[in-house]
Amino acid sequence: MIFDGVHQITEFCRRQIIISKLFQFCRQIIGPTASVTAEHTQVSAQPLIVGRNEHGISRKQFSPNAIKVLYRLKDGGFDAYLVGGCIRDILLGQQPKDFDVVTNATPDQVKKLFRNCRLIGRRFRLAHIVFGREIIEVATMRGHHEAPEDKNQISQSSDQGQLLRDNVFGSIEEDAERRDFSINALYYSINDFSIHDYANGLAAINARQIEMIGDPATRYREDPVRMLRAVRFATKLDMSIAPATEQPLNELASLLDNIPAARLFEETLKLFLNGKAEANFLMLRKYGLFKSLFPALDSILDSNPDGLEFALIQQMFRNTDERINAEKKVTPAFIFAALLWFPLLQITKALQEQEQLSEYDAFAQGMNKVLSDNAQHIAVPKRFTLGARDIWHIQHRLDKRSGQRAYRLTQQPRFKAAYDFLLLRVQAGEKQHQQLVNWWTEYLKQDINGQKELVKALGTQGATKGRRRTRRRSPKPAAE
């Protein structure tokens, strides 16, 4: 049985729920070690084990390199499992992108087994096994950070409960407890090809709910990025967030302010470049998470929730999703140019009024300030901020089309992105630029002769008088 439809998943999971309830009933009689309550999803010491003949997942559905890693670890005398997203996605009929391995071998032991291994990370020590362009990530089973420390166990927490370092190793049961959501606590064993479900993940898949393992508030405090992951998984998998997992989001959203700006940049890319950007944007706003990412824009949107600003941002994300789902290129520079556009206009206006600057000077200073302010929250690499600057600059030059200006502008590397940005502005409601959009759209369709005719028809519109230059005369030779 291959999971290629929701009906098959539903039937399978219904049977597993019955089996799971039977296990729970037996544990209540014998002496339970863990339970599943209405509020919190807990990990069971006795997992639901689904045999090879019952789940129907084939090794052919996994990356061959991931299988190589599993067997190498097994032959080295270690336990090894595929875990998390790859199991979840196959059960949902989706094609997995990443194949993560968990093992009881320490990172140093993994490195000894693989010559193509490199160890990364400080907060979480991981082994990357490199096969050309594919990287198989191998993590050591994690234990509780309250465990006694030794030379291989280092943990550190902040005053807010956030884990700063977490290299505490443990058993597979402890590792399952350290997973964030129940749908990610599914383990595929290379020993007998069975699936081990430690937190009713199969039931959560059937119910189409994102459930946090353990107390959600505590888990969010350990790593506030889990709030962003809850949103991303909900939209990606077309699931809802379970009530207990959802409840603390608005209250704890400000914890994202403690996350390094570089890490938040990576998380925003995952949110906005996965084909579900519009849904993620709306859900981030719903739970107050957008404020910690883009506080200036969030304030503007709150002040005018039905205005042009909200329409432009939502339309930008909708267009982004359409391009990604059509397998077209999308640059983060365009996304950040749109997200910071209205804060830039706000800063520019303030500089003009307060410091009596010209529009050009205020705009130039405004770009520096808006990017500097944004870097306190999200560290956007320079290659993308430069692209955003170019898109903004060209907005002020698109109406200057006389002479050779139109042609020269089209030779700018970011011209197409800037033109698309102008289209977006009109699409969102800036109808005063409709005629300008129409002209540029027609200009780009024409050959060189047609373009010259369009420019000629403009007359002297947008032209400025050139400054007359005086020819410097060469000095006369000295008289002999």
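Counting restarts for each chain: residues are numbered from 1 in the order of the written sequence. Confidence filtering applies because this is a predicted model: local features only for residues at pLDDT of at least 70, side-chain atom pairs given and counted only at 80 or more, and all residues used for totals across whole chains, interfaces and linings. Heavy atoms from the whole structure form the basis of all side-chain values; hydrogens and water molecules are not counted.

What follows concerns the packing of aromatic side chains. Only rings of Phe, Tyr and Trp enter the pairing, Trp through its six-membered ring, and a pair is recorded when the two centres are within 6.5 Å. The plane angle decides the type: under 30 degrees is stacked, over 60 is edge-to-face, the rest tilted. Under the defined criterion, the tally for this structure stands at 21 aromatic pairs. An angle of 85° between the planes, with centres 5.8 Å apart, marks the rings of phenylalanine 181 and phenylalanine 233 as edge-to-face. Taken together, the positions of phenylalanine 181 in the loop between α6 (172–178) and β9 (186–189) and phenylalanine 233 in helix α9 (residues 225–236) put the pair 52 residues apart, joining distant regions of the chain. Across the pair, exposure class does not vary: phenylalanine 181 and phenylalanine 233 are buried alike. Centroid distance phenylalanine 294 to phenylalanine 336: 6.1 Å. Interplanar angle 50°. Geometry classified as tilted. One end of the pair, phenylalanine 294, is in the loop between α14 (290–293) and α15 (295–303); the other, phenylalanine 336, is in helix α17 (residues 332–339), with 42 residues separating them in the sequence. Through a chain of ring-to-ring contacts, three or more aromatic side chains come together here, namely Phe265, Phe272, Phe281, Phe290, Phe294, Phe310, Phe317, Phe336 and Phe384. Residue placement shows arginine 232 over the ring face of phenylalanine 233; its charged tip is 5.3 Å from the ring centre. In this description a helix means any DSSP run of H or I spanning at least four residues, a strand means any run of E spanning at least two, and both kinds are numbered starting from the N terminus. Each residue is assigned to one of three classes by its accessible area relative to the maximum for its type, calculated with a 1.4 Å probe on protein chains only: buried under 20%, partly exposed between the two thresholds, exposed over 50%. Charge-over-ring contacts are defined here by two conditions on Lys NZ or Arg CZ: a distance within 6 Å of the ring centre and an angle within 35 degrees of the ring normal.

This part covers the sheet that holds strand β1 (residues 48–50). Two strands pair if DSSP finds at least two bridges between them. The eight strands are arranged β1-β10-β9-β2-β3-β6-β5-β4 in an open sheet whose pairing can be described as mixed. What marks the edges here is a single partner per strand, and that holds for β1 and β4 (117–120). The average angle at which neighbouring strand axes cross in this sheet is 30°, direction not considered. Residues are treated as being in contact if the distance between any of their heavy atoms lies within 4.5 Å. Here, axes are lines fitted to C-alpha atoms. For helices the fit covers the stretch in contact, and angles between N-to-C directions go from 0 to 180 degrees. Contacts from helix α3 (residues 64–75) reach β2 (80–83), β3 (100–103), β5 (126–131) and β6 (134–140), with the element oriented near 35° to β6.

Any carboxyl oxygen of Asp or Glu within 4 Å of a side-chain nitrogen of Lys or Arg constitutes a salt bridge here. A full pass over the atoms with the stated rule returns 16 salt bridges. Note that aspartate 373 and lysine 369 form a salt bridge whose closest N and O atoms lie 3.4 Å from each other. Here aspartate 373 and its partner lysine 369 are both found in helix α19 (residues 359–375), four residues apart, which amounts to about one turn of the helix. A residue is classified by how much of its surface remains accessible, and lysine 369, at 43% relative accessible area, is partly exposed. Ionic pairing is found between lysine 400 and aspartate 399, a salt bridge with its closest N-O pair at 3.2 Å. Accessibility expressed as a relative area gives 31% for lysine 400, which makes it partly exposed. When salt bridges with common partners are traced through the structure, they connect Arg88, Asp89 and Lys236 into a single cluster.

Our focus in this paragraph is the layout of surface pockets. Cavity means a closed set of points on a 1 Å grid over the protein atoms alone, one where a 1.4 Å probe fits but cannot get out, pocket means an open set with protein on both sides within 12 Å along at least 5 of 7 lines, and lining means a residue has an atom within 4 Å of a point. Grid points are joined across faces, edges and corners, and a volume is the space filled by probe spheres set on the points. What the second largest pocket holds in volume is close to 490 Å³. Elements with a minimum of two residues in the lining of the second largest pocket: α18 (341–355), α19, α20 (382–395) and α22 (415–428). Taken together, the residues of the lining of the second largest pocket break down into six nonpolar, six polar and six charged. In this classification, the charged set is Asp, Glu, Lys and Arg, the nonpolar set is Ala, Val, Leu, Ile, Met, Phe, Trp, Tyr, Cys and Pro, and all remaining amino acids, among them Gly, are polar.

To continue, consider the packing of helix α16 (residues 308–325) against α22. Between α16 and α22, whose axes approach to 9 Å, the crossing angle comes to 125°. Regarding the angle of α16 to α22, the classification is oblique. For α16 against α22, the interelement crossing comes out right-handed. Residues Leu308, Ala311, Leu312, Gln315, Met316 and Asn319 of α16 form the contact with α22, whose participating residues are Leu424, Arg425, Gln427 and Ala428. Residues belonging to the contact of α16 with α22 are distributed by class as follows: six nonpolar, three polar and one charged. Just so you know how the angles are binned, under 35 degrees is roughly parallel, over 145 roughly antiparallel, 65 to 115 roughly perpendicular, and the rest oblique. We call a crossing left-handed when the near helix sits turned anticlockwise from the far one by less than a right angle, and right-handed when that turn is clockwise.

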